[in-house]
Amino acid sequence: MPCIFVRLTGCNLRCTWCDTAYAFYGGEKISVDEVLEKVRELGEKGATRVSLVEITGGEPLLQPETPELAERLIAAGYATMIETSGERFVGVLPREVIKIVDVKCPDSGEADTFDFENLGAVDKKDEIKFVISTRRDYEFARDFTREHRLAERVREVLFSPVFPDPAEKWVGLEARELAEWILGDRLPVRLGLQLHKFIWDPAMKGV
């Protein structure tokens with residue numbers, strides 16, 4: 001669906017397969033009011049208003065103004081999502097925000113960073129996501145999903161294969177292979193693909 005991304009600078013994790021390392025630094029310091037104005041401008045460019053916004057990063061919950069930004073986007077009539085590493089407590093956000101919460105798998109290099117209080121802060125509109133690069137990652141995600149009954153807690157449990165790096169810094173996982181593992185174990189999860197990397201150049205920004 002058409003969506004406006006608000007990408008915030010900074011991340012305290014360093015996943016081995018991170019495809020947005022450019023968001024660790026740089027960016028432009030602007031106020032919450034200015035962010036809202038930019039969202040409004042982007043949303044009203046075409047004939048139909050884009051009313052879906054995702055706050056992402058980096059790690060957006062590192063910035064203390066993020067809950068206020070989310071609250072004001074909701075008040076302005078935007079369906080608001082946030083994508084977060086799972087290392088920060090998502091309960092600081094307004095209840096209406098759709099939370100997409102990662103659980104880091106072993107081969108990310110950032111295993112054991114998940115804040116388990118997040119399991120009590122998500123509900124049936126939210127999603128929990130695993131980015132998977134190996135069979136070991138898959139088995140971790142499978143077992144975590146079963147142990148914590150994730151399919152009963154959230155709207156979707158997403159298993160997403162690592163996309164190969166265009167600069168060949170890491171290899172990817174074939175979506176077909178991951179799909180076969182999911183089907184073999186009959187998991188109640190959704191295969192999540194980064195569609196923009198199939199439509200445009202995988203290294204392209206702003207799409």
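Presented here is a report on the structure given in the accompanying data block. Everything quoted here is computed from the prediction, not taken from an experiment.

**As for the state of the cysteines**
- In the structure shown here, the tally under the stated rule is zero disulfides.
- No disulfide involves C11; its nearest neighbouring cysteine sulfur is the one of C18, lying 6.6 Å away.
- Under the relative-accessibility criterion, C11 is labelled buried at 19%.

**Section: the pairing of strand β4 (residues 98–102)**
- Buried residues dominate β4, accounting for four of its five residues.
- Examined bridge by bridge, strand β3 (residues 79–84) and β4 share four bridges and lie parallel to one another. In the sheet register, M81 faces β4, and the bridge partner there is I98.
- Here β4 runs beside strand β5 (residues 127–132); their pairing, made up of three bridges, is parallel. Looking at the pairing, I100 lines up with E127 of β5.

**Regarding the sheet that holds β5**
- If you trace the seven strands from one edge of the open sheet to the other, you get β1-β2-β3-β4-β5-β6-β7, paired in parallel fashion. In the strand order of this sheet, the two ends are held by β1 (4–7) and β7 (190–191), each with one partner.
- For β5 and strand β6 (residues 156–161), the ladder comprises six bridges, and the chain directions are parallel. For I128, the partnering residue across the bridge sits in β6 and is V157.
- The sheet contacts of helix α2 (residues 66–75) involve β1, β2 (52–56) and β3, and relative to β2 the element is tilted by about 175 degrees.

**Points about the packing of helix α1 (residues 32–43) against α2**
- Where α1 meets α2, the axes come as close as 10 Å, and the angle between the chain directions of the two elements is 40 degrees. It follows that α1 is oblique to α2 by the angle criterion. Every pair of crossing elements has a handedness; the one defined by α1 and α2 is right-handed. Side by side, α1 and α2 meet where V32, D33, V35, L36 and V39 of the first sit next to E68, L69, R72 and L73 of the second.
- Considering only residue class, the contact of α1 with α2 consists of six nonpolar, no polar and three charged.

**Structural notes on the packing of aromatic side chains**
- A full pass over the atoms with the stated rule returns nine aromatic pairs.
- Between the aromatic rings of F130 and F159, the centroid separation amounts to 5.4 Å while the plane-to-plane angle is 75 degrees, which identifies the pairing as edge-to-face. Of this pair, F130 sits in strand β5 while F159 sits in strand β6, and the two are 29 residues apart along the sequence.
- Note on F130: relative accessible area 0%, which makes it buried.
- Residue classification places F159 among the buried residues on the basis of a relative accessible area of 0%.
- Chaining the aromatic ring pairs together yields one cluster made of F114, F116, F130, Y138, F140, F144, F159 and W181.
- Taking NZ or CZ as reference, R49 lies 4.4 Å from the ring centre of Y78, over its face.
- Lying over the aromatic face of W181, R135 brings its terminal NZ or CZ to 5.1 Å of the ring centre.

**Looking at unusual backbone geometry**
- The linkage connecting G57 with the following residue, G58, adopts the cis geometry, with an omega of 15 degrees.
- Along the chain, G58 falls in the loop between β2 and α2.
- Unlike most non-glycine residues, D112 shows phi in positive territory, near 70 degrees.
- Along the polypeptide, D112 turns up in the loop between β4 and β5.
- Of note in the backbone geometry, R149 takes a positive phi value of approximately 50 degrees without being a glycine.
- Its relative accessible area of 52% is what places R149 among the exposed residues.

Conventions and cut-offs
Residues numbered from 1 in each chain as written. Predicted model: local features only at pLDDT ≥ 70, side-chain atom pairs only at ≥ 80, totals over all residues. Heavy atoms only, no water. Disulfide = S-S within 2.5 Å. Buried < 20%, exposed > 50% of the residue type's maximum accessible area, 1.4 Å probe, protein only. Helix = DSSP H or I, 4+ residues; strand = E, 2+ residues; numbered from the N terminus. Pairing = 2+ DSSP bridges. Contact = heavy atoms within 4.5 Å. Axes fitted to C-alpha atoms, helices over the stretch in contact; angles between N-to-C directions. Parallel < 35°, antiparallel > 145°, perpendicular 65-115°, else oblique. Left-handed = near helix turned anticlockwise from the far one by under 90°. Nonpolar A, V, L, I, M, F, W, Y, C, P; charged D, E, K, R; others polar. Phe/Tyr/Trp six-rings, centres within 6.5 Å; stacked < 30°, edge-to-face > 60°. Lys NZ or Arg CZ within 6 Å of the ring centre and 35° of its normal.

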